[in-house]
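Summary of the model geometry
The primary structure of each chain is shown beneath.
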Amino acid sequence: APVPQPEEGVSLAPPLSARDALVTWLRDQGLTAHESDANFVLFGPFPDRDAVWQGLLDAGVLIRVVGPEGFLRASIGTPEEMDRLRSALAAAIGR
């Protein structure tokens, strides 16, 4: 069966304001969050990014281990997904 397509002029992409809000929140946590024009944010550094990644995974949040050593990359999702990411990341880094 064909995959339904959005109506013309309707975007399925999350709003850029969600990305900008995540960047602000990450920086408020004392992390470096790189500026982005994409639907993802590269952030860190973490002394043990694999441990942070595992903590997020254990909380049901899947993000990418890519980029420079110590950094992680998160795609922008729904408001609920972003809340879950912030909560899980705060717990993983002890904040």
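Residues numbered from 1 in each chain as written. Predicted model: local features only at pLDDT ≥ 70, side-chain atom pairs only at ≥ 80, totals over all residues. Heavy atoms only, no water.

1. Describing the environment of glycine 55
Worth spelling out the cut-off: Every helix listed is a DSSP run of H or I at least four residues long, and every strand listed is a run of E at least two residues long, numbered separately from the N terminus. Burial classes: relative accessible area under 20% of the type maximum marks a residue as buried, over 50% as exposed, and values in between as partly exposed (1.4 Å probe, protein chains only).
Take glycine 55: it is sitting in helix H2 (residues 49-58). By relative accessible area, glycine 55 is classed as partly exposed at 27%. For the pair glycine 55 and isoleucine 93, spaced 38 residues apart in the sequence, the C-alpha separation amounts to 8.7 Å.

2. Focus on the pairing of strand S2 (residues 40-44)
Worth spelling out the cut-off: For two strands to count as paired, DSSP must find a minimum of two bridges between them.
For S2, the buried fraction is high: four of the five residues fall into the buried class. Note that strand S1 (residues 32-33) and S2 share two bridges and pair antiparallel. Paired with alanine 33 across the strands is phenylalanine 43, a residue of S2. As paired strands, S2 and strand S3 (residues 72-75) are joined by four bridges and run antiparallel to one another. Across the sheet, residue phenylalanine 40 finds its bridge partner in S3, namely serine 75.

That's the geometry; what it means functionally is another story.
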